[in-house]
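The residues making up each chain are set out below.
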Number of protein chains: 2
Amino acid sequence: MLSKNETTIKALPGRQELFIIREFDAPRELVYRAFTEADLLVQWLGPKNLTMKVDTFNPVNGGAWRYIHSDANGNEYGFHGVFHELQAPERIIQTFEFEGLPEKGHVELDTALFESLPGGRSKVTIQAVYQSVDDRDGMVRSGMEGGVKEGHERLDALLAKQQAN
Amino acid sequence: MLSKNETTIKALPGRQELFIIREFDAPRELVYRAFTEADLLVQWLGPKNLTMKVDTFNPVNGGAWRYIHSDANGNEYGFHGVFHELQAPERIIQTFEFEGLPEKGHVELDTALFESLPGGRSKVTIQAVYQSVDDRDGMVRSGMEGGVKEGHERLDALLAKQQAN
């Protein structure tokens, strides 16, 4: 399939939330699995020049997760949070914290919705809510967009491979 | 001590957050304990005409919690969430969901800060961040203010009793 799906990041000025919206050429059940199974997640999440290692991943209501991205020079970027709710295959609600910030305690609440589209396709909408507009703006300025888009392209490839099998 | 501490709830129009601010005539260590030990929490949290029962309470990073308030007629109001971070005695970051809403998945991210004040007193500031302004406004309209204030008055009494011992 030649369709090129684009990642859209919406961050309205002055608000403490942003939205990441992306369609995939795969059913939502498959996309949901790629978000909630550690052995799949490590194959696509994040920038393509980083390696991802899962430290903790307990995909149940109330379960914790933690993973580390590392680059070729051995720099490590840790992230952790807790699953508030997993509602397969339609919704994930979780907390999210980047451990590399100057101080701890800057946490976002992420709600990911998985919708079915015609033709075996699907749409993922992730809302990230922040404790402040500054926190949200800091995340946008951090260059998250590039990493998110690269991750989605890697997920495209993973989903294509799964469906070819 | 005759000082009467007032609970302030700040909810600016159009924002998806609110703040609950309250001083207590007790050191923050004692107040923090009252928020994080189940046998103390049940003695003060919520309106005075309701009975609180703890179903789950695991006060560690990544731990889950659930409690039920019930009235004299047997009506039950469940709440649950997950602790993202407990930093004794200064900060609690957790998710919070009221199970009585028409649909699941309306979750808030709560950050409670405990500060020391002179004279063995303390101040608690709770920020609740919502997925939408509507969710925030719905919580305000639900009459939360009365329950929060009654809870704080019950906490005043508990803290006075603990310090008299």
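These remarks concern the structure in this document. (Residues numbered from 1 in each chain as written. Chains lettered and ligands numbered in written order. Predicted model: local features only at pLDDT ≥ 70, side-chain atom pairs only at ≥ 80, totals over all residues. Heavy atoms only, no water.)

## Concerning the interface of chain A and chain B
Note the threshold: For this analysis, residues touch if any pair of their heavy atoms sits within 4.5 Å. Two parts lose some accessible area (1.4 Å probe) when they are put together, and adding that loss for both gives the buried area. Salt bridge, as applied in this entry: a Lys or Arg side-chain nitrogen positioned within 4 Å of an Asp or Glu carboxyl oxygen. For the purposes of these results, a polar contact is taken to be a pair of N or O atoms within 3.5 Å, where, inside protein, one atom must be able to donate a hydrogen and its partner to accept one; residues adjacent in sequence count only when each atom of the pair is a side-chain atom. Numbering of helices and strands runs from the N terminus; a helix is a DSSP stretch of H or I covering at least four residues, while a strand is a stretch of E covering at least two.
Counting residues at the interface gives 29 residues for chain A, matched by 29 residues for chain B. Together chain A and chain B conceal approximately 2,100 Å² of surface at their shared face, both sides included; 52% is due to carbon and sulfur atoms. Between chain A and chain B we count 0 salt bridges in total. Linking chain A with chain B are 14 residue pairs in polar contact (both at pLDDT 80 or more), by the criterion used here. Breaking the side of chain A that touches chain B down by element, the ones donating at least two residues are β5 (76-87), β6 (91-98), β7 (108-117) and β8 (121-130) of chain A.

## Topic: the packing of helix α1 (residues 28-36) of chain B against helix α4 (residues 144-164) of chain B
Residue and element names in this part refer to chain B. So the rule is basically this: Axis angles are defined between N-to-C directions and span 0 to 180 degrees, where every axis is a line fitted to C-alpha atoms and, for a helix, only to the segment in contact. When an angle is under 35 degrees it counts as roughly parallel; over 145 it counts as roughly antiparallel; between 65 and 115 it counts as roughly perpendicular; any other value is oblique. Each crossing gets its hand from how the near helix is turned against the far one by less than a right angle, where anticlockwise is left-handed and clockwise is right-handed. When residue character is reported, Ala, Val, Leu, Ile, Met, Phe, Trp, Tyr, Cys and Pro are called nonpolar, Asp, Glu, Lys and Arg charged, and the others, Gly included, polar.
For the pair α1 and α4, the least separation of the axes is 11 Å and the interaxial angle reads 120°. It follows that α1 is oblique to α4 by the angle criterion. When the axes of α1 and α4 are compared, the crossing they make is right-handed. Packed against α1, whose contacting residues are Leu30, Val31, Ala34 and Phe35, the element α4 presents Leu155, Leu159, Gln162 and Gln163 at the interface. The class makeup of the residues in the contact of α1 with α4 is 6 nonpolar, 2 polar and no charged.

## A closer look at the packing of aromatic side chains
The test is simple: Side-chain rings of Phe, Tyr and Trp, where Trp is taken by its six-membered ring, are said to pair if the distance between their centres is within 6.5 Å; with planes under 30 degrees apart they count as stacked, over 60 as edge-to-face, and otherwise as tilted. Think of it in three bands: residues with accessible area under 20% of the maximum for their type are buried, residues over 50% are exposed, and the middle band is partly exposed, with areas taken using a 1.4 Å probe on protein chains only.
In this structure the tally under the stated criterion is 18 aromatic pairs over all chains. Residues Phe79(B) and Phe96(B) carry aromatic rings whose centres are separated by 5.6 Å and whose planes lie at 40° to one another, so their mutual orientation is tilted. One end of the pair, Phe79(B), is in strand β5 (residues 76-87); the other, Phe96(B), is in strand β6 (residues 91-98), with 17 residues separating them in the sequence. The buried category is assigned to Phe96(B), whose relative accessible area is 14%. Counting every residue linked through ring pairs, the aromatic cluster contains Trp65(A), Tyr67(A), Phe79(A), Phe96(A) and Phe98(A).

## Looking at the environment of Val129(A)
Tracing the backbone shows Val129(A) in strand β8. Through-space distance from the C-alpha of Val129(A) to that of Leu18(A) is 6.7 Å; in sequence the pair is 111 residues apart. Sequence-distant contacts of Val129(A), defined by excluding residues within four places in its chain, comprise Gln16(A), Glu17(A), Val107(A), Glu108(A), Leu109(A), Gln16(B), Val129(B), Tyr130(B) and Gln131(B).

## A look at the pairing of strand β3 (residues 51-57) of chain B
Residue and element names in this part refer to chain B. To keep it simple, the criterion reads: When DSSP finds two or more bridges between two strands, those strands count as paired.
In the sheet, β3 pairs with strand β4 (residues 64-70) via 6 bridges, with the strands oriented antiparallel. Across the sheet, Thr51 pairs through a bridge with Ser70, a residue of β4. In textbook terms, the turn of a hairpin is the stretch between consecutive antiparallel strands, and for β3 and β4 this stretch comprises 6 residues, one of which, Gly62, has a positive phi near 85°.

## Focus on the pattern of salt bridges
What the rule picks out here adds up to 22 salt bridges over all chains. In this structure, Asp25(B) and Arg121(B) form a salt bridge, with 2.7 Å as the shortest nitrogen-oxygen distance. Here Arg121(B) lies in strand β8 (residues 121-129) and Asp25(B) lies in the loop between β2 (17-24) and α1, a separation of 96 residues in the sequence. The salt bridge partner of Arg66(B) is Glu99(B), with a shortest N-O separation of 2.9 Å. With a gap of 33 residues between them, Arg66(B) in strand β4 and Glu99(B) in the loop between β6 and β7 (108-117) connect regions that are remote in the sequence. Exposure remark for Glu99(B): the relative accessible area of 33% places this residue in the partly exposed category. Shared partners join several salt bridges into a network, and the residues in it are Glu23(A), Asp25(A) and Arg121(A).

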